[in-house]
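This is what each chain is made of:
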Amino acid sequence: MAAPTVNERAVAPGEGRTPVQTVTMVKALNMGLRAALERDPKVVVMGEDVGKLGGVFRVTDGLQKDFGEQRVLDTPLAESGIIGTAIGLAIRGFRPVCEIQFDGFVFPGFDQIVSQLAKLHFRSQGRIKVPVVVRIPFGGGIGAVEHHSESPESYFAHTAGLRVVACSNPVDAYWMIQQAVESDDPVIFFEPKRRYYEKAQLDTTATPDPLFASRVLRQGGSVTVACYGPMVKTCLEAATAAAEDGVELEVVDLRTLSPLDLGPVIDSVRRTGRLVLASEAPSESSVTAEIAARVQQECFYSLEAPVLRVTGFDTPYPPSKLEEEFLPDLDRVLHAVDRSLAF
Amino acid sequence: MIAGLRATTEGGADLVQLLTPEGERVHHPDFDIEVTPEELRGLYRDMVLIRRADREGNALQRQGQLGIWVPLLGQEAAQIGAGRAMKPHDMAFPSYREHGVAWCRGIDPTEILGIFRGTDHGSWDPLAARFHLYTIVIGNQCLNATGYAMGQRFQGKVGDDDGEATICFFGDGATSQGDVHEAMVWASVYDAPVVFYCQNNQWAISEPIERQTRVPLYQRASGYGFPGIRVDGNDVLACLAVSRWALDECRHGNGPVLIEAFTYRMDAHTTSDDPTRYRLSDELEAWKLKDPIERVRVHLVKQQWADQEFFDSVQADADELAARLRDFCVNMPTPGPERIFSEVYAQESPQVRAQRDEFLDYMAGFADAHAGGEH
């Protein structure tokens, strides 16, 4: 019997918990993982320090206590091992959710992700499904040492066979993690770590948007701004600031980076004629480069200005005292908006 | 000890052997096994047939019918012994040379051809056959096997005679990979029911075993806290006995186990390789005296367990298999371009669908041109 889906909850809403509550993104992810573990006994959570400690960001807090050591696994300290054994568990019928502790630590597991996780469905022509979720806290802004602030999403978006999503707020985090667990494809799930403690009102009885869909968060007719993950909050703040000057930004939260859902972006650009893309990742051969290429193809006759990008630089992530300069902020977004409007 | 510049032919004092290269039956205090004449004839037949299929694979490559072939010549006993030790509900994770294990899992050699002809990446159903698809990236499958075995344990399928086990195949070169190390760490700390079956064929393409290790490989197991056994990989009885014991240990909950099947790659790494550039022919000659099939043949004759009629019938079966393989190979259809786009995702990707449709339209344009007589 198939496990119930997000919309067929095994635990009735309101049963033992308040349907509407104020939660951080960390709490929302924790609740989402808990719901997934409750709904389907095949779901397992695995990673470094996810058990007793509850993860270094506490996303898995209390899960091992309630679901046991065979559902929530403190693994040995090796990322290829985490991904590689998760693949084996998935072949056996499990639905593993792996935690990679920080973005810059995913690369020891990159081989298993690219060579096996991404390709097994194609190699077996659908006979093998590998519904593995790889959670990766990503992005900068927390004053960390090297390898703790990176934005590696483009490596994964470049790899056929993977789905790549990024949540930007607690409500999406709650639903998207559950939907990712239900996906029969492998999902690389990016969590904006500097937004982990942002709060929002979460209604667990609401009906979520589909996982692989982008969403217009703010409507406006002057310039389209598309972004994801940690940049969404920045861009919404930029839109508020721009509105004071009479410039109306239409802000699209991309949410899914592979496959891209560019319908809302294209519709918007056909109205505004202008597009600014914002991302912390370096610009070269990136998700934003892909979007720019596709939008010029789809909106060639609508564009009033070149597609502009506000991104991290094409450098390694800098020492943290310089990250404020490295990371795109409200002013750099508005600067790009101004340049777009000046064409 | 392994020493010197060339791969050794001697397995050392710890080598488990039940049938000498001269066909003499010897006994071992820990790993003895009783086989009936019928069983031994069956093992002989398995080895002769898979060797014949392997030689046909080489020939098909030389004649341009296959892009490449990965020969198993010399490793028939190591593979048939392990393959026949498996129970139906056990699971195997192969590398890319395990044609003999595939044979034991009921996978017809024709099902392997597509990988090397370039028509597919493996055509069998890995879950139904309990034989995973070939893994080409060295060592990756050891972690996948370990995860699968962890799942067997989590599901309570371990602990008695009916328990399940997993066996993972890899080579001496793979033992240098981090994934193999991590697999052994994971398997040990989660008590995973997995047999690590290393076919040490002495060569990783051009690199001798000395380039991978300074201790015999089976001794590495002690560092992970589980048993390691070196078996004569050219002795099908010893491979069967040790593998059966190891799988039983795992199914009873006493895994993991490392087996080093000490054997020799009698042919090139692949048909693209030229071993004359890096190894001496006298080494090959020394190993020819340890041939895995010949010693069984000698033993069957000495014991009067098989007569000429039997050997002739096996040879006839082998030739028939080779002919069937050849016929199948030369008639294999090349898939259409839509295959490029099929099953990339479980849930179809709109992007891949759009690229497929665009490309098929583009290709259809050429059909129109041909129909109109333009070239």
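What counts and how
Residues numbered from 1 in each chain as written. Chains lettered and ligands numbered in written order. Predicted model: local features only at pLDDT ≥ 70, side-chain atom pairs only at ≥ 80, totals over all residues. UniProt positions renumbered as here; feature names shortened; annotations may be inferred. Helix = DSSP H or I, 4+ residues; strand = E, 2+ residues; numbered from the N terminus. Rg over C-alpha atoms; globule rule 2.2 N^0.38 Å. Buried ≥ 20, exposed ≤ 12 C-beta atoms within 10 Å, placed from the backbone. Contact = placed C-beta atoms within 7 Å. pLDDT = per-residue confidence, 0-100. Pairing = 2+ DSSP bridges. Axes fitted to C-alpha atoms, helices over the stretch in contact; angles between N-to-C directions. Nonpolar A, V, L, I, M, F, W, Y, C, P; charged D, E, K, R; others polar. Domains from an automatic or database assignment. Parallel < 35°, antiparallel > 145°, perpendicular 65-115°, else oblique. Right-handed = clockwise from strand over helix to strand, strands pointing away.

Chain B carries the name Pyruvate dehydrogenase E1 component alpha subunit in an unreviewed UniProt entry, which gives Streptoalloteichus hindustanus as its organism. Heading Cofactor (unreviewed entry) of the UniProt record for chain B holds this comment: "thiamine diphosphate".

Identification of chain A as Pyruvate dehydrogenase E1 component beta subunit from Streptoalloteichus hindustanus is taken from an unreviewed UniProt entry.

Along the backbone of chain A there are 12 helices and 14 strands. For a compact globule of 343 residues, the expected C-alpha radius of gyration is about 20 Å, and chain A comes in at 20 Å, within 12% of that figure. Over its C-alpha atoms, taken along the principal directions, chain A stretches across nearly 60 × 45 × 40 Å. Per-residue burial over chain A gives 57% buried out of 343 residues. Intrachain contacts of chain A at a sequence separation of at least 6 include 79% that bridge at least 24 residues.

A few words on the overall build of chain B. For chain B, the count of helices and strands is 13 helices and 7 strands. What you see for chain B is a C-alpha radius of gyration of 22 Å, in line with the 21 Å of a compact globule of 375 residues. Expressed along its principal axes, the backbone C-alpha trace of chain B runs to roughly 75 × 50 × 40 Å. A burial count over chain B gives 48% of its 375 residues as buried.

Time to look at the confidence of the model for chain B. All names here are of chain B. Put simply, chain B has an average pLDDT of 95, and 96% of its residues get 70 or more. Ignoring residues within four places in sequence, the model shows residues 1-6, a span with pLDDT below 50, making 7 contacts including any to other chains. Overall fold confidence (pTM) sits at 0.95, and the ipTM for the predicted complex is 0.95.

As a further point, take the UniProt feature "domain: Dehydrogenase E1 component" (unreviewed entry) in chain B. Using the residue numbers shown here, the UniProt feature "domain: Dehydrogenase E1 component" (unreviewed entry) corresponds to residues 45-318 of chain B. Between the first and last C-alpha atoms of residues 45-318 of chain B the distance is 8 Å; the span itself is 45% helix and 11% strand.

What follows is about the sheet that holds strand 1 (residues 91-93) of chain B. Residue and element names in this part refer to chain B. In spatial order, the strands read 1-2-3-7-6; together these 5 strands make up an open sheet with parallel pairing. Edge positions in the sheet fall to strand 1 and strand 6 (228-232), since each of these pairs with one other strand and no more. Along the sheet, successive strands turn relative to each other by an average axial angle of 20 degrees, direction set aside. Relative to strand 3 (residues 194-200), strand 2 (residues 166-171) is paired through 6 bridges, and the arrangement is parallel. Bridge pairing links Phe169 to Tyr197 in strand 3.

Our focus in this paragraph is the interface of chain A and chain B. Taken together, the contact pairs 34 residues of chain A with 33 residues of chain B. Residue assignment for the side of chain A that touches chain B shows that the elements contributing at least two residues are helix 3 (79-91), helix 4 (110-117) and helix 5 (120-123) of chain A. Examining the composition of the side of chain A that touches chain B, we find that 9 residues originate from one element, helix 3 of chain A, more than from any other. Taken together, the residues of the side of chain A that touches chain B break down into 11 nonpolar, 16 polar and 7 charged.

As a further point, take the environment of B:Glu98. Residues and elements named next belong to chain B. Residue position: Glu98 is located in the loop between strand 1 and helix 3 (99-104). What makes Glu98 buried here is the crowd of 30 C-beta atoms within 10 Å. Considering only alpha carbons, one finds Glu98 and Leu40, 58 residues apart in sequence, at a separation of 21 Å. Beyond its immediate chain neighbours, meaning those up to four positions away, Glu98 contacts Gln79 and Phe169.

As a further point, take the domain arrangement of chain A. Interfaces are frequently sized by the accessible area removed from exposure as the parts join. Residue and element names in this part refer to chain A. On domain assignment, one finds that chain A holds domain 1 (20-203) and domain 2 (215-342). Placing a centre on the C-alpha atoms of domain 1 and another on those of domain 2 gives a separation of 26 Å. In this assembly, 24 residues from domain 1 lie in contact with 21 residues from domain 2. Of all the elements in the fold, those that place two or more residues in the side of domain 1 that touches domain 2 are helix 6 (153-157), strand 6 (163-166) and strand 7 (187-192). The biggest single contributor to the side of domain 1 that touches domain 2 is strand 6, with 4 residues. Of the residues assigned to the side of domain 1 that touches domain 2, the class counts are 9 nonpolar, 8 polar and 7 charged.

Domain parsing of chain B yields domain 1 (37-330) and domain 2 (337-371). A separation of 38 Å is found between the C-alpha centroids of domain 1 of chain B and domain 2 of chain B.

Mapped onto the present numbering, the UniProt feature "domain: Transketolase-like pyrimidine-binding" (unreviewed entry) falls on residues 23-198 of chain A. Measuring from the first to the last C-alpha atom of residues 23-198 of chain A gives 8 Å, for a span that is 36% helix and 18% strand.

A few words on the packing of helix 3 of chain A against helix 7 (residues 178-189) of chain B. It is the contact of helix 3 of chain A with helix 7 of chain B, at a shortest axis distance of 9 Å, that shows an interaxial angle of 70 degrees. In terms of axis orientation, helix 3 of chain A runs roughly perpendicular to helix 7 of chain B. Along its contact with helix 3 of chain A, which presents A:Ser80, A:Gly81, A:Gly84 and A:Thr85, the element helix 7 of chain B presents B:Gly178, B:Asp179, B:Glu182, B:Val185 and B:Trp186. Among the residues forming the contact of helix 3 of chain A with helix 7 of chain B, the class breakdown is 2 nonpolar, 5 polar and 2 charged.

This paragraph deals with the pairing of strand 7 of chain A. All names here are of chain A. Summarising burial for strand 7: 6 of the 6 residues are buried, a large majority. Both faces of strand 7 are covered, namely the face carrying Val187, Phe189 and Glu191 and the face carrying Ile188, Phe190 and Pro192. In this structure, strand 5 (residues 133-138) lies alongside strand 7, joined through 6 bridges in parallel fashion. Counted as the bridge partner of Ile136 is Phe190 from strand 7. Pairing analysis gives 4 bridges linking strand 6 to strand 7, with the strands arranged parallel. Following the sheet pairing, Ala166 is matched in strand 7 by Phe190. At this point the chain moves from strand 6, through helix 7 (residues 170-182), to the parallel strand 7, and the crossover so formed is right-handed.

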